[in-house]
Amino acid sequence: MSLVVQKFGGTSVADSQKILAAARKAIRTQQAGNQVLMVVSAMGKNTDVLVDLAAEITDRPPAREMDMLLSTGEQVSVALMAMAIQSLGAKAISLTGGQIGIRTDSTHTKARIKSISTERMRSLLDEGYIVIAAGFQGIDEDLNITTLGRGGSDTTAVALAAVLDADTCEIYTDVDGVYTTDPRLLPAARKMRQVSYDEMLELSSLGAGVMHSRAIEFGKKFAVPIHVRSSFTDIPGTMIVADPEAPDLSVSGAALVKDEALVTLSGVPDTPGTSLTLFSKIASRAVAVDMIVQNVGAAGLADISFTVPRDDLRATREAVEEARVELGAARCIERDDVSKVSVVGLGMARQTGVADRMFRALAEAGVNILMIATSEIKISVLVNRDQGADALRAVHRAFVLEREPAQKVASATSAKLAQSDALEIVAHLQGMEDLTITEVALDESQARVTIAGVPDRPGIAARVFEGIAAGGQFVDMIVQSIGHEEQASMSFTVPRGDLDKAMALVTGLAKELGCGAVSGSPRIAKLSVSGVGLRSHTDVAIRMFRALAGAGINVEMINTSEVRVNVVVDGKQGPPGLKALQAAFADVLG
Ligand code: ADP
Ligand code: ASP
Ligand code: MG
């Protein structure tokens, strides 16, 4: 008999009528011959109400008590759902995270799942019950209640689908699928028929709140087909599977994180180990850092800029201040009025002219780019918050995301992995959300170009990368730091053979645009670590920094995505760097 996991989000269970409607859906699915496991979120905005209540009591609620409080939201809805199903004549039972045996670590409010016991759920399903699991919660080793982070019921659903080897995991929500960008921000957004795990992982972690990014990590790791659809209609939604909708598309979606904060630690001695000191202090507070840009400044002093979610600014500030004192850095500057706009697409890795198109669109919309960070499958820019929505609209239009792609891959099948035995074994392993690293690699084929003194005004990045694209050159990593004292610096990598051409081109352009000196290095090495969910596993970058610092290697550039962390180091340091990383990740190399 097939097993279907159905997850209902807050708006889908916002009142008693909606709970009854969801109950009928589950019963219909059972009557069609399936076993049904429901995962339910707190009703409506109940979690927000609880967060606000805590804030009325104290501005520093203890994380353990926060979890105790927030978990009650889901407990209300599972109980009501079980009553609803029973009142409609079917068998149902509600279970909390603890009753199911969802074991997590003890990182309150952001816990990770370690293991899930399946026995109780299985026997209840076999007895004909619709099992209703409380989303978003678990228990740690000492039976403390934990929660998985806001939006975490998606992760509960996909994790349960994975351990139970479900045929499909349906995510019922208030939109009818995954769109090219948030349809509430941009009505022109188009519903996708299908999106790949890698793209969705990146989109979710860059602001597409329709799915919790860690749910997609589970989906990818355990090959769970995820169907995002409306709880109010029966039309098919969007399948999240291994293949993208249209493999040739350079960009398939765009996302906005409205409330981002930017932190710069400036005047940092440019020696091995500084990144490690800084980012390990931040990671120990479970804050995920994004858009890390390091600049080598004058007199051997560097600036390190990075972004964090605005809600994490307070914890970040404490960490940065500790690091500032320890490193003897000059000062720490922060801004909490910035937004991050990103485009994502698997096809980007194979095409030229993607970055310049994005930068041109922003320039034409009069948007100033504060920072740039790219990876193989995404480009993110940081902009002033009041320009965030305009920036999103401009890039969505520039890549004509509202248009149906001409060439689509064949429709996704919802076939699950044939290896149920393998999944069964994995399910009983500890550390379900543990790090999976697939590869540690060295790329010695790239060279670096750096433009100093980039003026803080719209249109510079557009001109530079249009020039490069017009020359048919392929640009890999791009980073631009914050326009600090009216000046930013911009670095990018090109194939080594293209360095002279790129330097000549950029030197001319830099003069014309009023930038400072252009420098280039033919001897760089790019070291990368690939895996799943790397950005939310904050310790990946830290382990890399630790390994490199231990080998006395200085990091020149960094970029991160959910599937890879890259660092650029001096060319001579490539092979020893690779060795250091291989040793550092030996225990988790899959
Ligand atoms: P639920 O309570 O069901 O989990 P969420 O509010 O977490 O629902 O997620 C659904 C919301 O996600 C939508 O209402 C939509 O505004 C937002 N969203 C953000 N990005 C996207 C996107 N790319 N596609 C669809 N919805 C999106
Ligand atoms: N109720 C939790 C929240 O609002 C979890 C969820 O809905 O996914 O974040
Ligand atoms: Mg959600």
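As shown above, the structure is provided for reference.
About the criteria used
- Residues numbered from 1 in each chain as written.
- Chains lettered and ligands numbered in written order.
- Predicted model: local features only at pLDDT ≥ 70, side-chain atom pairs only at ≥ 80, totals over all residues.
- Heavy atoms only, no water.
- Salt bridge = Lys/Arg side-chain N within 4 Å of Asp/Glu carboxyl O.
- Helix = DSSP H or I, 4+ residues; strand = E, 2+ residues; numbered from the N terminus.
- Buried < 20%, exposed > 50% of the residue type's maximum accessible area, 1.4 Å probe, protein only.
- Near = heavy atom within 4 Å.
- Polar contact = N/O pair within 3.5 Å; in protein donor to acceptor, adjacent residues only side chain to side chain.
- Nonpolar A, V, L, I, M, F, W, Y, C, P; charged D, E, K, R; others polar.
- Areas by Shrake-Rupley, 256 points an atom, 1.4 Å probe, with all protein chains shown as cover.
- Phe/Tyr/Trp six-rings, centres within 6.5 Å; stacked < 30°, edge-to-face > 60°.
- Patch = residues over 30% accessible without salt bridge, like charges linked within 9 Å, V, L, I, M, F, W, Y side chains within 5 Å.

Chemist: It is not clear to me how the pattern of salt bridges should be interpreted in this structure. Could you clarify?
Modeler: Side-chain pairs of opposite charge can arise where the charged atoms are in close proximity. Counted under the stated rule, the structure contains 34 salt bridges. Close ionic contact of Asp 198 with Lys 220 constitutes a salt bridge, the shortest N to O distance being 2.8 Å. A residue pair is termed long-range when its members are at least 10 positions apart, and Asp 198 in helix H7 (residues 197-205) and Lys 220 in helix H8 (residues 213-222) qualify at 22 residues. Looking at Lys 220, the relative accessible area reads 28%, which means it is partly exposed. Residue Arg 360 pairs with Glu 466 through a salt bridge whose shortest N-O separation is 2.6 Å. Remark: Glu 466 occurs in helix H14 (residues 460-470) and Arg 360 occurs in helix H11 (residues 355-364); sequence separation between them is 106 residues. On the accessibility criterion, Arg 360 (24% relative accessible area) is partly exposed.

Chemist: How should I be thinking about the site of ligand 2 in this particular structure?
Modeler: Surrounding ligand 2, one finds Ser 41, Ala 42, Thr 47, Glu 74, Phe 136, Arg 150, Gly 151, Gly 152 and Ser 153. Within the side chain of Glu 74, one N or O atom sits 2.7 Å away from a nitrogen atom of ligand 2. Tallied by class, residues from the shell around ligand 2 come to two nonpolar, five polar and two charged.

Chemist: Where do I start with the site of ligand 1 in this structure?
Modeler: Within the structure, ligand 1 sits among 16 residues, and Thr 173, Asp 174, Tyr 179, Asp 182 and Arg 184 are positioned closest to it. Here an oxygen atom of ligand 1 and a side-chain polar atom of Lys 7 are 3.0 Å apart. With respect to ligand 1, the side chain of Arg 184 contributes an N or O atom lying 2.8 Å from an oxygen atom. Computed on the free molecule, ligand 1 has an accessible area of 570 Å², of which 82% lies beneath the protein chains in the complex.

Chemist: Would you mind showing me how to read the packing of aromatic side chains here?
Modeler: Where two aromatic rings form a pair, the distance of their centres and the angle of their planes describe that pair. Applying the stated criterion to the full structure yields six aromatic pairs. Ring centres of Phe 8 and Tyr 172 lie 4.9 Å apart, and the angle between their planes is 10°; this geometry places the pair in the stacked category. One end of the pair, Phe 8, is in strand S1 (residues 2-8); the other, Tyr 172, is in strand S9 (residues 168-173), with 164 residues separating them in the sequence. Residue Tyr 172 is classed as buried on the basis of its relative accessible area, which comes to 4%. Seen in terms of ring centroids, Phe 279 and Phe 306 are 5.3 Å apart; in terms of plane orientation they differ by 75°. Their pairing is edge-to-face.

Chemist: Could you clarify how one ought to interpret a nonpolar patch on the surface in this entry?
Modeler: Taken together, the side chains of Val 76, Leu 80 and Met 83 define a hydrophobic patch exposed on the protein surface, amounting to about 250 Å² of accessible area. Mapping Leu 80 onto the fold places it in helix H3 (residues 63-87).

Chemist: Please clarify how unusual backbone geometry should be interpreted in this entry.
Modeler: Comment: phi is negative for the bulk of residues other than glycine, and the bulk of peptide bonds are trans. Phi at Thr 109 is positive, roughly 70°, even though this residue is not glycine. With respect to the secondary-structure elements, Thr 109 resides in the loop between strand S4 (102-104) and strand S5 (113-116). Residue Asp 165 is not a glycine yet carries a positive backbone phi of 55°. Within the fold, Asp 165 resides in the loop between helix H6 (153-163) and S9. Exposure remark for Asp 165: the relative accessible area of 10% places this residue in the buried category.

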